[in-house]
Every structure is written in structure tokens, then in C-alpha cells.
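Examining the three-dimensional arrangement
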Amino acid sequence: MTTYSLLILPGDGIGPEVMAEVRKVIGWFEQNRGLSFDVSEDLVGGAAYDAHGVPLADATMAKAQQVDAVLLGAVGGPKYDNLDFSVKPERGLLRLRKEMDLFANLRPAQCFDALADFSSLKREVVAGLDILIVRELTSGVYFGEPRGIHDDGNNPENEGGRVGINTQRYTSGEIRRVARAAFELARKRGNRVCSMEKANVMESGILWREEVQWVHDNEYPDVELSHMYADNGAMQLVRNPRQFDVIVTDNLFGDLLSDAAAMLTGSLGMLPSASLGAPMANGRPKAMYEPVHGSAPDIAGQGKANPIACILSFAMALRYSYDLGAEADLLEKAVEKVLAEGVRTADLMGPQGGTPVSTAEMGDHVVKALSAL
Ligand code: NAI
Ligand code: MG
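Residues numbered from 1 in each chain as written. Chains lettered and ligands numbered in written order. Predicted model: local features only at pLDDT ≥ 70, side-chain atom pairs only at ≥ 80, totals over all residues.

Judged by pairing direction, the sheet is mixed, and its 10 strands sit side by side in the order S2-S1-S3-S12-S11-S4-S5-S10-S8-S9 without closing on themselves. One side of each edge strand has no neighbouring strand; the edge strands of this open sheet are strand S2 (36-41) and strand S9 (224-229). Neighbour to neighbour, the strand axes of the sheet diverge by 25° on average, direction disregarded. Taken together, the four bridges between strand S8 (residues 192-197) and strand S10 (residues 246-249) define a ladder with parallel strand orientation. Bridging across to S10, Val 193 finds its partner in Val 246. Across the sheet, helix H6 (residues 172-187) is in contact with strand S4 (104-110), strand S5 (130-136), S8, S10, strand S11 (272-279) and strand S12 (285-291); its angle to S5 comes to roughly 165°. (Pairing = 2+ DSSP bridges. Helix = DSSP H or I, 4+ residues; strand = E, 2+ residues; numbered from the N terminus. Axes fitted to C-alpha atoms, helices over the stretch in contact; angles between N-to-C directions. Contact = placed C-beta atoms within 7 Å.)

Right, dumping it as C-alpha cells:
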């Protein structure tokens, strides 16, 4: 029997609270689906700093490199705000991303019917929405050289006398590997990829378009590929988001487009994410899964946090790290069922009000729905 390894890093604030609910879900799959998970748990962020004086111990880093998937809660909090930059909680997260070389950031935007009225767009535009944005995460304008703020000499035409510089730089190899990730993901979903850049005004965009097309033609001719200028992509995302399946784009455009797409579907407490790296020996990518939200110190310790973002992050692990697509679908359907029944944590209460359930109650409802499906 296959044993699926998972390293759980609950972190700080509401991280441990939402992770406890994922534990229940894992337990359900073990007891009812005969799956075997090898789950280990360790510290990250402020919790790791308190114990070891660093936001990620070397032993934890080594463990993360060995497992099929890492599931992280959230890091940070006011207690750690004045720490030296080098040991701040988010440095733990950054170290994981960097040393695992997680170059593809996955941000799904999925609209559960029961929450369609939460969207800032009309119900008929977002109902049933299920798209996945793949953002290149390790290169592009956030890392390109040269960069900096320079003195512009005594240039009389430059009031203020300074120049700010960043460089958008992509190698063909960097583009090809994130394109491959997007095509692989598309094969597990709707089999369509839309690549976004600005090839009309940027040479790096021309290279992006050519390399994505090359990967398609040579390795994934079965997947439908289209190209779109990113500014048009932004318009299309709010005009008719359901036209998309997988969107692949660079670090900067992906930062903007994924945040915009996320808000098509409502609450921060609902949004999962994944970051993928190169394929491992088993053919599946190195991977870390985490809710988009932070440690929410304003509600930590009160049982108010919505665990669904973390539960859906685990659903992504089922699909992309363990190749358990049917189980991932089942878990997403359980979440949908619970929402359809009107079960809501406080962050999902509409203006009509009602009585919210606690973090633990929401987890129990999801497990109950799994059994009922
Ligand atoms: P945040 O995401 O923690 O919270 C923003 C707002 O959303 C808060 O009002 C919070 O109560 C609410 N919220 C967030 N997740 C929720 C959930 N699951 N259920 C219900 N309500 C939820 O962002 P904020 O306040 O900017 O940052 C708080 C701390 O988290 C900071 O220390 C920040 O550095 C850290 N952070 C960590 C991240 C990570 O670990 N990936 C990402 C973002 C922030
Ligand atoms: Mg952003």
C-alpha cells in the first residue's frame, strides 16, 4: 500500500487552530478510504523562533525536502514584529520556498454556489467559477538585475534628480519549467491553458510567448493553448472569468491577476494555494500547500477562524502531490455541501446575520459531509 508522506507546519496564530481541522479530515480518509498518511509535524515561524531562536530549524528544512508534500498554516504575529529581519517569522516561509525552489505558485479561484452572493461581481458571472492561476515565483522583475535607486547626476530635465530601476529578466529555461507545470496541471483539470504576457511592448514577453508555445508544440500538443495580453486578461477576468481554465503568467502579472481573481470568490478564509517545484523521483513535484490568509492575530485563540482555506489546501495536496483526484473532488464537494447547508464561520456571515459556527464545528461538519457523500 502506498503511504503518502506529509509534513505539517502549523505555525502561529490561527495556524494551529485550522490545522487541527485538517487533521480530522486526514483521519477520515485513513479510516474510510483505506489511505495511509505518514504525517509528521514541526515548527515554523514564531513558534520555531521561540523554541530554537530561528524561524526554521535546519532539521525541519531537511525534512521538508524529503516528504511528498508540506502543509503550512500561517506565520507571524505582533509578538514577533520587532525581531531582527534575519529571524522574522516570514523568513522561515521564504527559506522553504527558496531551498525547495518552488517556482510555480498556484492560486485557484473557485466559486462555491452558496457563496456566490459574496462576490463583488454578479452571481451569474461567478457561479460555478473554477480557474487556476499559475504564477512564476522565483524570477522576473522582483529579482532581475540591475536594480536600485540611483542619482541621475545633474540632469536638468529630471526634477528630483533620481532614477529607480528594476529589470524584467526571464531565461527560456525559467519560462519552460513553469509552462510545463501549467500544462501538467491543465491535464488534471479542463485541459486548457491561457498564457498571459505583454509581448506587444516587452521583449521578455515575446520570449515568454515563444517558449510557452514551444513547450506546448513539443510536449503538450493535446492541451489547448491560447495567448492573451495581460491587460486584456485583467479585463476578461472581471468580464467573463469562466472562459478560463489554467492561466500561466509571470511573477509580476501573476501577483496582480491572482489577487484580483481571488476576490471574485469572496472571503480570505476560503482561499487555498500551492507552490510547486521540480519533479521528484516519483514524478510528482516538490510542493508546499498553504492557505492564502495570515495568522489573524485579531481572532487567534478564539475558535473563530475559518478552517476551509487550509482544508482546501490539503485538497490540492491530494490532487497534485498524491494523484488522488477523486479524493480531492470529494473533499471539495464536502465543503460545498456544508456551505449549501448554510453552515458559516463568522467571516462568512452575510448582512442577514445568523449564528456562526466555531472552527472545530466547521471541521466536524466537513467530516460529517464526507461521510454523507
Ligand atoms: P491576515 O490574513 O492574518 O488577516 C487579515 C484579516 O482577515 C483579519 O481580520 C483576520 O481576522 C481575517 N482572517 C484571515 N484568515 C482568516 C480565517 N481563516 N478565518 C477568518 N478570518 C480570517 O493578514 P494580516 O492581518 O495582514 O496579518 C497578520 C499576521 O499574519 C502578520 O504577522 C502577517 O505578517 C502574517 N501573514 C502571514 C502570511 C503567511 O503566513 N503566509 C500571509 C499574510 C500575513
Ligand atoms: Mg499580492
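Moving on, there is more to tell.
Our next topic: the packing of helix H1 (residues 15-33) against helix H10 (residues 308-320). Across the interface, H1 lies against H10 with an axial gap of 8 Å and an inter-helix angle of 45°. Of the possible angle classes, the one that applies to H1 and H10 is oblique. Crossing of H1 against H10: the hand is right-handed. Residues Val 18, Met 19, Glu 21, Val 22 and Val 25 of H1 form the contact with H10, whose own contacting residues are Cys 310, Ile 311 and Phe 314. (Parallel < 35°, antiparallel > 145°, perpendicular 65-115°, else oblique. Left-handed = near helix turned anticlockwise from the far one by under 90°.)

With seven of seven residues buried, S4 is to be regarded as a mostly interior element. Burial along S4 is two-sided: Ala 104, Leu 106, Pro 108 and Gln 110 facing one way and Asn 105, Arg 107 and Ala 109 facing the other are all buried. Strand direction decides the pairing type here: S4 and S5, joined by seven bridges, are antiparallel. Looking at the pairing, Ala 104 lines up with Glu 136 of S5. With three bridges joining them, S4 and S11 adopt antiparallel strand pairing. Residue pairing for S11: Asn 105 is matched across the bridge by Ser 275. (Buried ≥ 20, exposed ≤ 12 C-beta atoms within 10 Å, placed from the backbone.)

On to the nonpolar core. Membership of the largest hydrophobic core comes to 108 residues, with the highest contact counts inside it found for Val 70, Val 134, Ala 182 and Ile 311. For this core, the leading source of residues is H10, giving 11 residues. When residues of this core are assigned to domains, at least three fall in each of domain 1 (1-117 + 266-373) and domain 2 (130-263). (Core = buried A, V, L, I, M, F, W, Y, C linked by C-beta atoms within 7 Å. Domains from an automatic or database assignment.)

On average, residues of the protein score 95 in pLDDT, and 100% of them are at 70 or above. Confidence metrics for the complex model read pTM 0.93 and ipTM 0.98. (pLDDT = per-residue confidence, 0-100.)

Glancing now at the environment of Arg 209. As for its position among the elements, Arg 209 is in helix H7 (residues 203-219). Using a count of 18 C-beta atoms within 10 Å as the deciding quantity, one classes Arg 209 as partly exposed. A C-alpha to C-alpha distance of 14 Å links Arg 209 and Gly 233, two positions 24 residues apart in sequence. Not counting chain neighbours up to four residues away, the residues in contact with Arg 209 comprise Ser 195, Glu 197, Ala 199 and His 227.

For the rest of this paragraph, the subject is unusual backbone geometry. Only a minority of non-glycine residues have a phi that is not negative, and only a minority of peptide bonds are not trans. Note that the residue after Glu 145, namely Pro 146, is joined by a cis bond; omega there is 0°. The phi torsion at Asn 191 lies on the positive side, around 65°, for a residue other than glycine. Its place among the elements puts Asn 191 in the loop between H6 and S8. Residue Asn 191 is classed as partly exposed on the basis of its 14 C-beta neighbours within 10 Å.

We now examine the environment of Ile 165. Summarising the element assignment, Ile 165 is placed in strand S7 (residues 162-167). Since 11 C-beta atoms lie within 10 Å of it, Ile 165 is described here as exposed. As for Ile 165 and His 150, which are separated by 15 residues in sequence, their C-alpha atoms are 8.0 Å apart. Discounting residues that sit within four places of it in the chain, Ile 165 has contacts with Pro 146, Arg 147, Gly 148 and His 150.

Turning our attention to the UniProt feature "binding site: substrate" (unreviewed entry) in the protein. Under the local residue numbering, the UniProt record ascribes the feature "binding site: substrate" (unreviewed entry) to Arg 97, Arg 107, Arg 135 and Asp 231. Separation in sequence by 135 residues is matched in space for these annotated residues, since their most distant C-alpha atoms are 28.1 Å apart. When you line up the elements, Arg 135 lands in strand S5. Apart from residues no more than four positions distant in its own chain, Arg 135 is found in contact with Asn 105, Arg 107, Thr 249, Asn 251, Gly 254, Asp 255 and Ser 258. As for its position among the elements, Asp 231 is in helix H8 (residues 230-239). We classify Asp 231 as partly exposed; it has 13 C-beta atoms within 10 Å. (UniProt positions renumbered as here; feature names shortened; annotations may be inferred.)

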